[in-house]
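Secondary and tertiary structure notes
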Amino acid sequence: MPFRMTEMVGCEFPLFAFSHCRDVVAAVSRAGGFGVLGAVSVTPDQLEAELTWIDDNADGKPYGIDVLIPEVQAVDHSVSADEIIAAIPQQYRDMTRGILREAGISEDMAKPLGGSQAPNTSLGQELLEVSFNHPVRLIANALGTAPPAMIEAGKKHGIPVAALVGAKEHAMKQIDAGVDLIVAQGGEGGGHCGDVSTIVLIPEVIAAIEQAGADIPVLAAGGIMNGRQMAGMMAMGAAGAWCGSVWLATPEAETSEVFRDKMVGASSRDTVRSKYRTGKYSRQLRSGWHTKWDEAGLPALPMPLMSLLSEPVLRAIDAAAVGGNAEAQELCSYWVGQGVGLVSEVRSSGAVVQDFKREFAEGFETLEGAIE
């Protein structure tokens with residue numbers, strides 16, 4: 001049976017896998033889903049290399065790209081990363097140094113990435129231009145209203161434009177902007193998310209779109225970790241599922257073995273929406289990192305200052321955790337949704353797709369059996 005989304009982007013099964021790891025993107029697309037590469041921490045040259053690798057390893061199957069073009073930032077796009085880093089208050093630098101020192105981690109492992117190049121949040125348009133040189137079948141904007149340049153570029157190249165929303169009113173703004181696809185992400189989701197639950201948000205957004213007289217498909221996102229959940233979302237009118245957290249527990253993911261083990265052992269109550277990573281609320285696995293910031297009582301810096309401060313430190317923590325540092329393992333964190341409580345083992349990305357297909361079919365069979 002053809003699905004609307006499979007016809008729109010050319011995949012076999014409307015399971016969309018958002019991942020920062022090219023290996024996950026290629027593996028999911030090969031298995032019949034649709035991999036979407038998150039280009040949040042790459043330069044145009046790095047993105048060119050990543051997409052070339054996906055082209056060579058996806059067996060000709062379709063994939064997409066997600067870029068970060070927020071509407072509001074705390075700095076001028078024209079300034080360099082070094083200049084932005086210099087704007088981080090000394091009190092915050094001292095805070096992160098103290099965290100590293102207490103965990104026995106060298107500060108040399110956590111130096112900010114400076115240079116003349118501005119953070120990639122100001123490079124969204126350049127990243128899009130790189131992607132258009134590859135056979136991408138979808139482009140998505142992760143934060144805020146999709147800018148006119150993205151909409152125009154999508155139409156020019158014949159590529160659907162998607163946008164993530166966490167509230168009904170945000171969906172209306174995206175429709176006015178001209179997007180082709182809405183990804184409605186409930187507050188259960190990992191990463192940047194709102195506070196409305198998925199089971200409420202999906203029918204609310206779908207109803208609002210219908211009332212507006214628009215004909216735009218909606219992908220359900222937020223806490224979806226298996227095919228039965230996906231079937232439930234589609235029974236409510238969603239055109240497919242957009243998942244992120246489930247791929248973090250795969251060996252192909254960018255996550256460390258330490259973090260994957262923490263995922264397997266975590267419950268759905270072990271996540272937190274916090275600004276202490278990017279400057280905007282994003283859901284992460286709760287760890288000692290959040291406890292220390294909460295205890296310090298310092299307000300999070302705005303985006304992208306908080307990211308420039310925290311990411312090098314968190315990378316150093318991850319490296320030390322993998323090296324066996326117990327204090328670092330306790331601090332280790334990453335973006336993940338409340339669905340982490342449904343993770344019971346580490347599986348390959350391909351196996352996850354096949355399990356989704358089987359569970360999806362079982363879910364609909366259950367529904368059919370209930371009304372016979």
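Okay, so let's go over this structure. (Residues numbered from 1 in each chain as written. Predicted model: local features only at pLDDT ≥ 70, side-chain atom pairs only at ≥ 80, totals over all residues. Heavy atoms only, no water.)

Looking at the sheet that holds strand β2 (residues 34-39)
- Taken in spatial order, the eight strands of this closed barrel run β1-β2-β3-β4-β5-β6-β8-β9, and their pairing is parallel. Across the sheet, the axes of successive neighbouring strands diverge by a mean angle of 25°, strand direction being ignored.
- In this fold helix α2 (residues 22-30) packs onto β1 (15-19), β2 and β3 (63-67), with an angle of close to 165° to the strand it touches most, β2. (Pairing = 2+ DSSP bridges. Helix = DSSP H or I, 4+ residues; strand = E, 2+ residues; numbered from the N terminus. Axes fitted to C-alpha atoms, helices over the stretch in contact; angles between N-to-C directions. Contact = heavy atoms within 4.5 Å.)

Describing the packing of aromatic side chains
- In this structure the tally under the stated criterion is twelve aromatic pairs.
- These aromatic residues form a ring-pair network of at least three members: Phe3, Phe13, Phe360 and Phe364.
- Residue placement shows arginine 273 over the ring face of tyrosine 281; its charged tip is 4.8 Å from the ring centre.
- Above the face of the tryptophan 335 ring, arginine 277 is positioned so that its terminal group lies 4.3 Å from the ring centre. (Phe/Tyr/Trp six-rings, centres within 6.5 Å; stacked < 30°, edge-to-face > 60°. Lys NZ or Arg CZ within 6 Å of the ring centre and 35° of its normal.)

Thoughts on the nonpolar core
- With 103 residues, the main nonpolar core has Leu15, Leu47, Met230, Trp247, Trp293, Ile317 and Phe356 as its most contacted residues.
- With ten residues, helix α13 (residues 305-322) is the single largest residue contributor to this core.
- With 16 residues, the next largest nonpolar core counts Phe34, Ala140, Val183 and Leu219 among its residues. (Core = buried A, V, L, I, M, F, W, Y, C linked by side-chain atoms within 4.5 Å. Buried < 20%, exposed > 50% of the residue type's maximum accessible area, 1.4 Å probe, protein only.)

Regarding unusual backbone geometry
- Put simply, methionine 303 and proline 304 share a cis peptide bond, and its omega is 5°.
- Its location among the elements puts proline 304 in the loop between α12 (288-296) and α13.
- For aspartate 59, which is not glycine, the phi dihedral falls at a positive 55°.
- Counting through the fold element by element, aspartate 59 comes out in the loop between α3 (44-57) and β3.

Quick look at the side chain of glutamate 188
- Examined against the element boundaries, glutamate 188 turns out to sit in the loop between β6 (181-185) and β7 (191-192).
- No salt bridge forms around the buried glutamate 188; measuring N to O, its nearest opposite-charge neighbour arginine 283 is 6.9 Å away.
- Polar contacts involving the side chain of glutamate 188 include one to the side chain of threonine 198, which spans 2.8 Å.
- For glutamate 188, the contacting residues outside a window of four places in its chain are Val196, Ser197, Thr198, Ile199, Gly222, Gly223, Arg283, Gly337 and Gln338. (Lys, Arg positive; Asp, Glu negative; His and termini not counted. Salt bridge = Lys/Arg side-chain N within 4 Å of Asp/Glu carboxyl O. Polar contact = N/O pair within 3.5 Å; in protein donor to acceptor, adjacent residues only side chain to side chain.)

Any functional reading would require information that these geometric values do not contain.
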